[in-house]
Amino acid sequence: MPDEFQSIADSLYRERVLRARCTPSEERILDGPRLFDYACSVTLAGLRSELPCASEEELRQALHRRLEIGRKLELVR
Amino acid sequence: MSDSLAITTLVIAALSRSGMPHVVVGSFARNFHSFPRSTKDADIVLAVDPPGLARFEAELGGGFSLDPQTTFETNTGTFRHTLVHTETEFKTELFLLSQDAFDQERFRRRQAFQFGGYPSFVLTAEDVIVTKLRWFRPKDVEDIRDVIAVKGPTLDWNYIHRWTSVHGTRAKLDEIQASIPKID
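Parameters at a glance
Within each chain, residues carry numbers counting from 1 in the order of the written sequence. For this description, chains carry letters from A and ligands carry numbers from 1, given in the order in which they are written. Residues qualify for local features only when their pLDDT is at least 70, as the model is predicted, and side-chain atom pairs are given and counted only at 80 or more; totals for whole chains, interfaces and linings, by contrast, use all residues. Secondary structure elements are taken from DSSP: a helix is a run of H or I of four residues or more, a strand is a run of E of two residues or more, and numbering for both begins at the N terminus. A radius of gyration in this sense is built from C-alpha atoms; the matching globule rule multiplies 2.2 Å by the number of residues raised to 0.38. Every C-beta atom is placed from the backbone, and the number of other C-beta atoms within 10 Å of a residue's own sets its class: buried at 20 or more, exposed at 12 or fewer, partly exposed in between. Note on contacts: each residue gets a C-beta atom placed from the backbone, and two residues are in contact if those atoms are within 7 Å. The arc in question is formed by the directions pointing from the helix axis toward the C-beta atoms. Axis angles are defined between N-to-C directions and span 0 to 180 degrees, where every axis is a line fitted to C-alpha atoms and, for a helix, only to the segment in contact. For this classification, under 35 degrees means roughly parallel, over 145 means roughly antiparallel, 65 to 115 means roughly perpendicular, and everything else is oblique. Here is the rule for handedness: rotate from the far helix to the near one, and if that takes an anticlockwise turn smaller than a right angle the crossing is left-handed, while a clockwise turn gives right-handed. In this classification, Asp, Glu, Lys and Arg are treated as charged, Ala, Val, Leu, Ile, Met, Phe, Trp, Tyr, Cys and Pro as nonpolar, and every other residue, Gly included, as polar. A score between 0 and 100, pLDDT records how confident the predictor is in each residue. What a helix should span is 1.5 Å times the count of its residues minus one.

Tallying secondary structure elements over chain B gives eight helices and eight strands in all. Its C-alpha atoms give chain B a radius of gyration of 17 Å, near enough to 16 Å, the size a compact globule of 184 residues would have. Along the longest, intermediate and shortest principal axes, the C-alpha atoms of chain B span 50 × 35 × 25 Å. Looking at chain B as a whole, 41% of its 184 residues are labelled buried. Excluding contacts between residues fewer than 6 apart, the proportion of contacts in chain B whose partners are at least 24 apart in sequence is 61%.

This paragraph deals with helix α7 (residues 157–167) of chain B. All names here are of chain B. Turning to α7, its buried residues number three or more, namely Ile-160, Trp-163 and Thr-164. The buried residues of α7 occupy an angular sector of 100° when projected down its axis, which confines them to one face. Every exposed residue of α7 that faces more than 90 degrees away from the buried side is listed here: Asn-158 and Ser-165. Elements in contact with the buried residues of α7: α4 (101–108), α5 (125–135) and α8 (170–178).

What follows is about the packing of helix α2 (residues 25–50) of chain A against helix α2 (residues 26–33) of chain B. Following both chains from N to C, one finds α2(A) and α2(B) inclined at 140°, their axes separated by 7 Å at the closest point. In terms of axis orientation, α2(A) runs oblique to α2(B). When you trace α2(A) past α2(B), the crossing you get is right-handed. Contacts between α2(A) and α2(B) involve A:Ser25, A:Arg28, A:Ile29, A:Asp31 and A:Gly32 on the former and, on the latter, B:Ser27, B:Phe28, B:Asn31, B:Phe32 and B:His33. In terms of residue class, the contact of α2(A) with α2(B) is built from three nonpolar, five polar and two charged.

It is worth spelling out the confidence of the model for chain B at this point. Residues and elements named next belong to chain B. Averaged over every residue, the pLDDT of chain B is 91; the share at 70 or more is 97%. By mean pLDDT, the top-scoring element of chain B is α7 (98), and the lowest-scoring one is strand β4 (residues 71–73) (72). Here the complex is predicted with pTM 0.89, and the ipTM for its interfaces comes to 0.81.

For chain A, the average pLDDT comes to 89, and 96% of its residues sit at 70 or higher. Model confidence for chain A, summarised as mean pLDDT per element, is weakest for helix α3 (residues 56–76) of chain A at 85 and strongest for α2(A) at 92.

Attention shifts here to the interface of chain B and chain A. Residue-level contacts link 29 residues of chain B with 25 residues of chain A. Going through the elements one at a time, α1 (3–17), α2, β7 (111–115) and α6 (138–151) of chain B are the ones with two or more residues in the side of chain B that touches chain A. When residues of the side of chain B that touches chain A are assigned to their parent elements, the largest contribution, five residues, is made by α2(B). The residue makeup of the side of chain B that touches chain A, split by class, is 13 nonpolar, 11 polar and five charged.

Here we take up α6(B). Taking 1.5 Å as the rise per residue, α6(B) with 14 residues should run 20 Å; its terminal C-alpha atoms sit 21 Å apart, in good agreement. For α6(B), the complete set of buried residues consists of B:Asp140, B:Asp143, B:Ile144, B:Asp146, B:Val147, B:Ile148, B:Ala149, B:Val150 and B:Lys151. Close packing links the buried residues of α6(B) with α1 (3–22) of chain A together with α2, α5 and α8 of chain B.

The structure is reproduced here in structure tokens:
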């Protein structure tokens, strides 16, 4: 990475660290599942657009397949 | 409350009510000690006997399905049960406390906290780092970096160095530390 970009990246990382230090740990741990549900809602919106005729159950199954692919990829990485 | 958070809270509440000795590990522990990141599984280590598992299942109530068979987790070398909630995609992996010396010590050092109002335990920041150095999957490198950056000034480095010497992971730790920009 060029030096000027590295310096911007470091500065952004530092801000993120300092912000995390100001947030209670008990709050940060609750954000993981909240973010997961948000990610699922975004993926479902994408699936609805790809599969406009799919029922809610078919969309749920498609989401399940996507997540299983993600889990498998995580294991082999 | 989000579905996944509600489910995790139900699991922690059932562990608490059944008096099951446990510790929250994995990405939840990582988030506790660094930045929040999306997590699709809750990983929990249990010190459990068969009657204890039955008590826990009874406390869980309906809607959950616990795989009665343990499976061997090759990344971590431990046995686990998978717990799923039938209406969501969120999973809970229940790992059995092993006889491994480090597994025992990190369990003994676990840190008490409140999860959504229920008493629970989470790995200490030092044990998140030592554990992830041992597994060393690609995502672990970033996690170790983030925990050190956030908790750096308060970490017990003697403890971390003792276990990284035992596990032969000290060089990896030094390399990650060198990649962290100056924070303070």
